[in-house]
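Each chain, letter by letter, is given below.
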Amino acid sequence: MGVVTFLSAKGSPGVTTTALLATALWPRPALLLEADPAGGDVAARVLAADGGLLDTSRGLLPLLTAARRGLDAASVVEQAQPVAGGSRVVLGLSGPEQAAAAGRGWAALAAAVAELSGPSAADGDLRSTDVLVDAGRVGAAPVHLDLLRASDCVVLLVRADVAAVLHARDRLRLLGGALRRRDGLLPRTGVVVVGDPGRRAGEAASAVEALRAVGPWVDDLGRLPHDPAGAGVFAGAPVSRPERTALVRAGRTVVDDLVAGLPVAPPAAAAATDQESAA
Ligand SMILES: Nc1ncnc2c1ncn2[C@@H]1O[C@H](COP(=O)(O)OP(=O)(O)OP(=O)(O)O)[C@@H](O)[C@H]1O
Ligand SMILES: [Mg+2]
């Protein structure tokens, strides 16, 4: 199980759509954490599992507010709500003022999220889950850097056009230094290029080449098509046969690769034995 974080640079919208797409297709228990410092919009796009509206009094704000007293995996689960399809979501903030006010709360959140996706959470209601994070557009000094650093995989979405690729390249350079942990290692970090798969396939290939030139640690994590119909599924639009849209079909390949790159959860009994022997 693990933490997969989606983010973008200037010129490449689509983070929330892709995070929702990945959550809908995720083959294991998944929790979507809406952690875009600019504010969330999942509540306006997605219905609760019972077909009603999501409860906007629950989510990231109560979590970050409580962070001074300490957070654990259970605190995150308390703020999560079930959505259609079987996964859960922690709704985001209202805007950047709340994100800035959270200060060190982001570090406590990062630790709680890592706990939730790790083997020690593997019992009862706190069963280990993959956590998918919508981290929004990342600037030069991300307030939620601790959360990004706690990820097992960081996915930068990039539109296949020159300006977007240049912004993404700058962002990757920043992340290459900022995401390095105390052990010197980086989370798996890579790019998903969004573009027209037919006519402009060459553009996507050159975008990946330019971005991988930043360093050998930049992975090619796949392609998604520019597909307004498919994107509409994740914007609350009525779309018939969503599973047949180009976006959803391509999303399966991207998700399979992301899941394959994550740590495997040990069986609950083995996790308990590990903890006992460590104690
Ligand atoms: N692959 C795609 N193909 C076509 N349209 C897309 C795709 N992904 C996203 N969109 C559209 O682009 C717009 C922005 O998408 P989205 O809200 O996911 O971006 P974002 O990066 O989360 O933006 P924000 O910074 O506002 O949070 C939406 O209208 C969405 O439907
Ligand atoms: Mg968004």
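Residues numbered from 1 in each chain as written. Chains lettered and ligands numbered in written order. Predicted model: local features only at pLDDT ≥ 70, side-chain atom pairs only at ≥ 80, totals over all residues. Heavy atoms only, no water.

### Section: the overall build of the chain
The following threshold applies: A run of H or I in DSSP counts as a helix once it spans at least four residues, and a run of E counts as a strand once it spans at least two, with each numbered from the N terminus. The quantity called the radius of gyration is restricted to C-alpha atoms. Its globule counterpart is 2.2 Å times the number of residues to the power 0.38. Each residue's exposure class comes from its accessible area (1.4 Å probe, protein chains only) as a fraction of the maximum for that residue type: buried when under 20%, exposed when over 50%, partly exposed otherwise. Here, Shrake-Rupley sampling with a 1.4 Å probe gives the accessible areas, and only protein chains in the shown set may cover a residue. His is not counted, nor are the chain ends; Lys and Arg add positive charge and Asp and Glu add negative charge. The location of each charge is read from NZ of Lys, CZ of Arg, CG of Asp or CD of Glu.
Of the regular secondary structure elements, the chain holds 11 helices and 8 strands. Against the 2.2 N^0.38 benchmark of 19 Å for 279 residues, the chain shows a C-alpha radius of gyration of 18 Å, consistent with a compact globule. Referenced to the eigenvectors of the C-alpha coordinate spread, the extents of the chain come out at roughly 55 × 45 × 40 Å. Looking at the chain as a whole, 49% of its 279 residues qualify as buried. Accessible surface computed for the chain: about 12,700 Å², of which carbon and sulfur atoms make up 55%. The centroid of the 27 positive side-chain charges in the chain is displaced by 6 Å from the centroid of its 29 negative side-chain charges.

### Thoughts on the site of ligand 1
Stated precisely, the cut-off is as follows: When at least one non-hydrogen atom of a residue lies within 4 Å of a molecule or strand, that residue is treated as near it. Any pair of N or O atoms that falls within 3.5 Å is considered a polar contact. Within protein, one atom must be able to donate a hydrogen and the other to accept it, and sequence-neighbouring residues count only if both atoms are side-chain atoms. Amino acids outside the nonpolar list (Ala, Val, Leu, Ile, Met, Phe, Trp, Tyr, Cys, Pro) and the charged list (Asp, Glu, Lys, Arg) are all regarded as polar, and Gly is one of them.
Around ligand 1 sit 15 residues, and of these Gly 14, Thr 16, Thr 17, Arg 45 and Asp 227 come closest. Here an oxygen atom of ligand 1 sits 2.3 Å away from a polar atom, N or O, in the side chain of Arg 45. Bound to the protein, ligand 1 loses 70% of the 630 Å² it would expose on its own. Secondary-structure elements contributing two or more residues to the shell around ligand 1 are α1 (15–25) and α9 (228–233). With 3 residues, the single largest contributor to the shell around ligand 1 is α1. Looking at the shell around ligand 1, its residues break down into 7 nonpolar, 4 polar and 4 charged.

### Focus: the sheet that holds strand β1 (residues 3–8)
In plain terms, the rule: Two strands qualify as a pair provided that DSSP identifies no fewer than 2 bridges between them. Whether two residues are in contact is decided by their heavy atoms, any of which lying within 4.5 Å being enough. Axis angles are defined between N-to-C directions and span 0 to 180 degrees, where every axis is a line fitted to C-alpha atoms and, for a helix, only to the segment in contact.
Spatial ordering of the open sheet is given by β3-β4-β2-β5-β1-β6-β7-β8, a layout of 8 strands whose pairing is mixed. Only two strands of the sheet have a single partner each, and these edge strands are β3 (81–82) and β8 (218–225). By the bridge criterion, 5 bridges tie β1 to strand β5 (residues 130–137) in an arrangement that is parallel. The partner of Val 4 across the bridge, within β5, is Leu 132. Its contacts with the sheet place helix α8 (residues 201–212) against β6 (153–159), β7 (188–195) and β8, and it is angled at close to 155° to β8.

### Overview of the pattern of salt bridges
Heads up, the rule is: Any carboxyl oxygen of Asp or Glu within 4 Å of a side-chain nitrogen of Lys or Arg constitutes a salt bridge here.
Enumeration according to the criterion identifies 9 salt bridges in this entry. Between Arg 28 and Asp 130 there is a salt bridge whose closest N-O contact spans 2.8 Å. One end of the pair, Arg 28, is in the loop between α1 and β2 (30–34); the other, Asp 130, is in strand β5, with 102 residues separating them in the sequence. Take Asp 130: its relative accessible area is 0%, and that puts it in the buried class. Salt bridges sharing common partners tie together Arg 104, Asp 146 and Arg 149.

### A few points about the pairing of β6
Quick note on the threshold: For crossovers, right-handed means that the path from the first strand over the helix to the second runs clockwise, given strands pointing away from the viewer.
Counting buried positions along β6 gives 6 out of 7 residues, so the element sits mostly inside the fold. Across 5 bridges, β1 lies against β6 in parallel orientation. Paired with Val 4 across the strands is Cys 153, a residue of β6. Pairing of β6 with β7 involves 7 bridges; the strand directions are parallel. Paired with Leu 156 across the two strands is Val 191, which belongs to β7. The parallel pair β6 and β7 is bridged by helix α7 (residues 162–178), and the resulting crossover is right-handed.

### Digging into the nonpolar core
Our working definition: The criterion is simple. A nonpolar core is a set of buried Ala, Val, Leu, Ile, Met, Phe, Trp, Tyr and Cys residues joined through side-chain atoms within 4.5 Å.
The biggest cluster of nonpolar side chains holds 51 residues, and the ones touching the most others in it are Leu 33, Leu 60, Trp 106, Leu 109 and Leu 147. Here the element with the most residues in this core is helix α5 (residues 105–117); it accounts for 7 residues. Core analysis: the next-biggest nonpolar cluster, separate from the first, contains 35 residues, Ala 48, Val 155, Leu 247 and Leu 258 among them.

### So, the packing of α1 against helix α10 (residues 246–260)
The angle between the axes and the distance between the axes are what describe a pair of packed helices. For clarity, the cut-off: Any angle that is under 35 degrees is reported as roughly parallel, and any over 145 degrees as roughly antiparallel; angles of 65 to 115 degrees are reported as roughly perpendicular and all others as oblique.
It is the contact of α1 with α10, at a shortest axis distance of 10 Å, that shows an interaxial angle of 75°. As summarised for this structure, α1 and α10 are arranged roughly perpendicular, according to the angle between their axes. Along its contact with α1, which presents Thr 17, Leu 21, Ala 22 and Leu 25, the element α10 presents Leu 247, Val 248, Gly 251, Arg 252 and Val 255. Of the residues belonging to the contact of α1 with α10, the class tally is 6 nonpolar, 2 polar and 1 charged.

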